[in-house]
Every structure is written in structure tokens, then in C-alpha cells.
Amino acid sequence: MENNRQSPLQQIDYNLIFLLFLMICISCMAIYSAQEIAQYDSNFVIKQLMWYAVGAFAVAGVMILDFDQFRKLSWYLYGFGILLLIGIVIAPESLVPNINGARAWFRFGPFALQPSELMKVALIISISNTIATHNEKYIVRTLHEDLLLIGKIALIVMPPMLLILMQPDLGTSLVFIALTLSLMLVSGIRWRIIAVIILIGVLFITLLVWIYFTFPQFFLDHILDEYQLERFYAWLDPYGHKDEGYHIRNALMAIGSGQLFGKGFTHGSVYLPEAQTDFIFSIVGEEWGFIGTSVLISLFFLMIYRMINTALESNEAFGSYLCAGVIGMVTFQVFQNIGMNIQVMPITGIPLPFISYGGSSVLAQMIAFGLVLNVRSRTRKYMFE
């Protein structure tokens with residue numbers, strides 16, 4: 001028996017929205033401080049608020065449809081994302097400029113669009129639809145069905161990953177892997193198979209290390225560029241590599257100098273290039289100290305916790321898979337971004353969700369956020385369930 005008949009508007013998770021509001025406040029304050037330190041001409045705070053406003057309209061648009069309708073749109077969204085990624089590869093440099101060694105953005109005057117960010121959301125929807133459809137068709141699961149599902153997921157993930165690696169953009173490729181694994185963990189695939197996949201991944205990384213030490217020139221020509229290797233050198237020994245380790249050294253200096261309570265709002269002094277994007281966490285650490293960074297991490301924990309609750313309580317498997325994909329994407333990006341600020345992970349250029357400045361990333365995160373709100377607002381609770 002259904003316990004109550006509330007409209008989707010009444011069932012919106014306002015606690016989750018409040019957590020997002022707090023993150024928007026932190027984002028604007030940290031970005032303002034970052035641009036004051038670097039003395040940029042552009043006002044990134046205004047631009048960030050503008051993108052959040054666009055994102056709010058995107059959330060409203062996502063909320064209009066029942067989330068189950070996205071199953072019907074999944075392949076259209078996936079195809080549109082693939083076309084944008086192909087456009088990045090074939091477009092002239094006047095439209096897709098080379099920025100920091102990568103061709104990843106469409107440039108339209110003062111505006112830029114990074115298709116790989118939108119592709120993350122399209123990939124979550126497409127894989128979720130594939131898993132839900134597969135599980136509905138094969139109620140009794142055998143090894144053959146599990147391997148078939150893995151093959152389907154691989155066919156979905158590989159084309160956008162290859163196109164993104166051509167840019168090249170290793171960081172976004174890692175996000176794709178993280179959200180795919182998070183969906184596979186809840187797909188019903190046997191744990192033994194997932195363990196084998198993880199083992200294969202470890203062996204592959206081991207092989208890459210062996211190739212690097214045995215055939216270094218082949219490694220540089222066909223696997224990783226020199227600038228990507230320099231990031232690993234800087235991660236392992238930032239003080240032994242003066243130029244490559246500059247970012248990590250300054251990030252550690254900024255966070256460490258904040259101590260317990262921080263230096264105070266706009267009182268940061270450690271310079272970090274592009275601090276409003278990749279190293280926004282260091283700004284929080286320097287100006288608000290250990291207390292401030294702990295509050296920020298706690299907000300992420302609460303947001304992910306609310307998303308997990310939504311996934312567990314959803315009445316439809318497709319809704320649970322959507323939430324699982326968003327959780328995997330957000331969790332990995334938080335871990336990677338904070339990790340590279342404190343030398344736990346190498347620098348990959350992955351933004352801190354909802355905090356770092358960036359139009360495409362903010363828009364994609366807001367759309368993903370809207371999907372989770374959509375699932376929550378259309379979850380029915382029943383008596384005696």
C-alpha cells in the first residue's frame with residue numbers, strides 16, 4: 001500500500017539542494033580569492049554564477065521529464081556526444097584551439113564548450129539503460145550473460161574514450177573508467193569477474209611500467225607524451241624537479257601555511273597558476289585552514305550520502321543505476337582533485353565538482369545533480385515495504 005501520494009515537487013530532496021547552495025557559496029568565495037591573488041582581469045565569480053544560473057535551468061529541464069524517459073533518449077544523447085567529440089578531432093584550430101597541449105574545447109568568442117564533460121552524463125545514462133535492459137531480459141544470470149553485459153558496456157565506453165585520448169585528455173578518461181566501474185559494481189555482475197577485470201587493469205599498468213623502463217622511446221612515441229610523464233615526475237619528487245614540481249610545491253605550501261584556522265578570507269598569498277580551477281582546494285586550505293577543508297570534505301560526504309540513499313530507495317533499477325553513475329563520477333573527481341593538491345595523486349587537471357571554476361564542468365555537474373533529484377522526486381514510498 002502506498003503511504004502517501006505526494007507530487008514530485010513535494011518530494012524534491014531540499015537537503016541536497018541546500019548542500020549544493022553551500023558549495024556554490026564556497027565556490028564563489030574561493031574563486032574570488034584566487035583571482036585576487038593572481039590579479040586576473042576577468043571576473044571569474046560573475047562567470048561562475050552565470051554558469052550556475054544556466055545549470056539551474058538545466059536542472060529544471062531535467063526535472064520536467066520522468067527520469068524513465070531518459071531511457072528513450074539515451075542513444076540520442078550518446079550519439080550527440082560522440083558527434084561533438086568527433087567534431088573536436090576534425091575541426092580547424094580556429095574553432096578548436098590547442099590549450100595546454102590539448103584540443104578539447106570548442107571556442108566561440110569569449111565562450112568555450114568542452115564536450116567531454118557533457119559526454120560523462122550521456123555515458124551514465126547510456127550505460128544505466130543498457131544494464132537495466134539487460135537485467136530485465138536475463139532474469140536468471142549465468143556467466144555467459146555477465147560476459148555479454150560486460151561486452152555491451154565495453155562497446156559503449158570505448159568509442160568516447162578513444163576520441164578523448166586523441167585530444168589527449170587522460171584525466172577525463174580516468175573519470176570514464178571510474179563511473180563505468182561504479183555502474184558495474186551495482187549491475188549484478190559476479191564479483192569474481194569484476195575482480196578479474198581489476199587484476200587485468202593492474203597487470204596492464206605493470207606492463208606499461210615495464211615498457212617505460214625497457215623501451216623508453218617507444219613509450220614516449222606511442223603511449224604518453226613527455227609533458228604527461230613530467231607530471232608523474234613532479235608527483236613522485238616535486239622538490240627534485242624544479243619546473244615540473246612548481247604546482248605541487250606551491251599547493252602544499254598554501255595548504256600547510258593555512259594551519260588550523262587559515263589566514264582569513266582574501267588573505268592568501270601563495271601564487272598558483274589557474275588556482276580557480278585545478279587548485280581551488282589549496283585556496284580553501286590556505287585561507288580557511290584545516291577547519292575549512294574539513295567542512296568542505298564533510299559537505300561532499302553528506303552530498304554523496306544523500307545520493308546513495310536516493311539510489312537505495314529508488315523504485316526502479318534504472319534510477320538506482322543513474323545515481324550510482326553520478327556517485328562514481330563525483331566521488332572519483334573529489335578524490336583525484338583533492339589528492340593532487342596534497343600530493344596523494346598526480347596532477348591530471350580534473351576539476352573539483354561544484355567548486356572549481358568552469359562552464360562545461362559546472363553545466364555537466366548540474367545536469368547530473370538534476371538526474372539524482374529527478375530520481376528522488378519520483379520515488380514512491382509504500383507501507384509494509
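Residues numbered from 1 in each chain as written. Predicted model: local features only at pLDDT ≥ 70, side-chain atom pairs only at ≥ 80, totals over all residues. Heavy atoms only, no water.

Per an unreviewed UniProt entry, the protein goes by the name Rod shape-determining protein RodA and belongs to Fictibacillus marinisediminis. Among the UniProt annotations of the protein, the heading Subcellular location (unreviewed entry) holds the following wording: "Membrane". (UniProt positions renumbered as here; feature names shortened; annotations may be inferred.)

A. Region of the structure containing the pattern of salt bridges. In the structure shown here, the tally under the stated rule is 7 salt bridges. One salt bridge connects Arg 306 with Asp 13, and the closest N-O pair in it is separated by 3.0 Å. Of the two residues, Arg 306 sits in helix 11 (residues 280-313) while Asp 13 sits in the segment before helix 1 (14-38), which places them 293 residues apart along the sequence. You can call Asp 13 buried: its relative accessible area is 4%. One salt bridge connects Glu 313 with Arg 376, and the closest N-O pair in it is separated by 2.7 Å. A residue pair is termed long-range when its members are at least 10 positions apart, and Glu 313 in helix 11 and Arg 376 in helix 13 (residues 359-377) qualify at 63 residues. (Salt bridge = Lys/Arg side-chain N within 4 Å of Asp/Glu carboxyl O. Helix = DSSP H or I, 4+ residues; strand = E, 2+ residues; numbered from the N terminus. Buried < 20%, exposed > 50% of the residue type's maximum accessible area, 1.4 Å probe, protein only.)

B. Inspection of the environment of Asn 309 at higher detail. Counting through the fold element by element, Asn 309 comes out in helix 11. The spatial distance from the C-alpha of Asn 309 to the C-alpha of Leu 363 is 24 Å, given a sequence separation of 54 residues.

C. Representation of the UniProt feature "transmembrane region" (unreviewed entry) in the protein within the structure. Per the UniProt annotation, the sites labelled "transmembrane region" (unreviewed entry) are residues 12-34, 49-68, 75-92, 170-186, 193-213, 288-305, 317-335 and 355-375. Helix makes up 80% of residues 49-68 and strand 0%, with an end-to-end C-alpha separation of 30 Å.

D. Region of interest: the packing of helix 2 (residues 44-64) against helix 13. In contact at an axis separation of 8 Å, helix 2 and helix 13 are set at 30° when each is read in the N-to-C sense. Classed by the angle they form, the pair helix 2 and helix 13 counts as roughly parallel. You can see that helix 2 and helix 13 cross each other, and the crossing is right-handed. Where helix 2 approaches helix 13, its residues Gln 48, Trp 51, Tyr 52, Val 54, Gly 55, Ala 56, Ala 58, Val 59, Val 62 and Met 63 are matched on the opposing element by Gly 359, Val 362, Leu 363, Met 366, Ile 367, Gly 370, Leu 371, Leu 373, Asn 374 and Ser 377. Among the residues forming the contact of helix 2 with helix 13, the class breakdown is 14 nonpolar, 6 polar and no charged. (Axes fitted to C-alpha atoms, helices over the stretch in contact; angles between N-to-C directions. Parallel < 35°, antiparallel > 145°, perpendicular 65-115°, else oblique. Left-handed = near helix turned anticlockwise from the far one by under 90°. Contact = heavy atoms within 4.5 Å. Nonpolar A, V, L, I, M, F, W, Y, C, P; charged D, E, K, R; others polar.)

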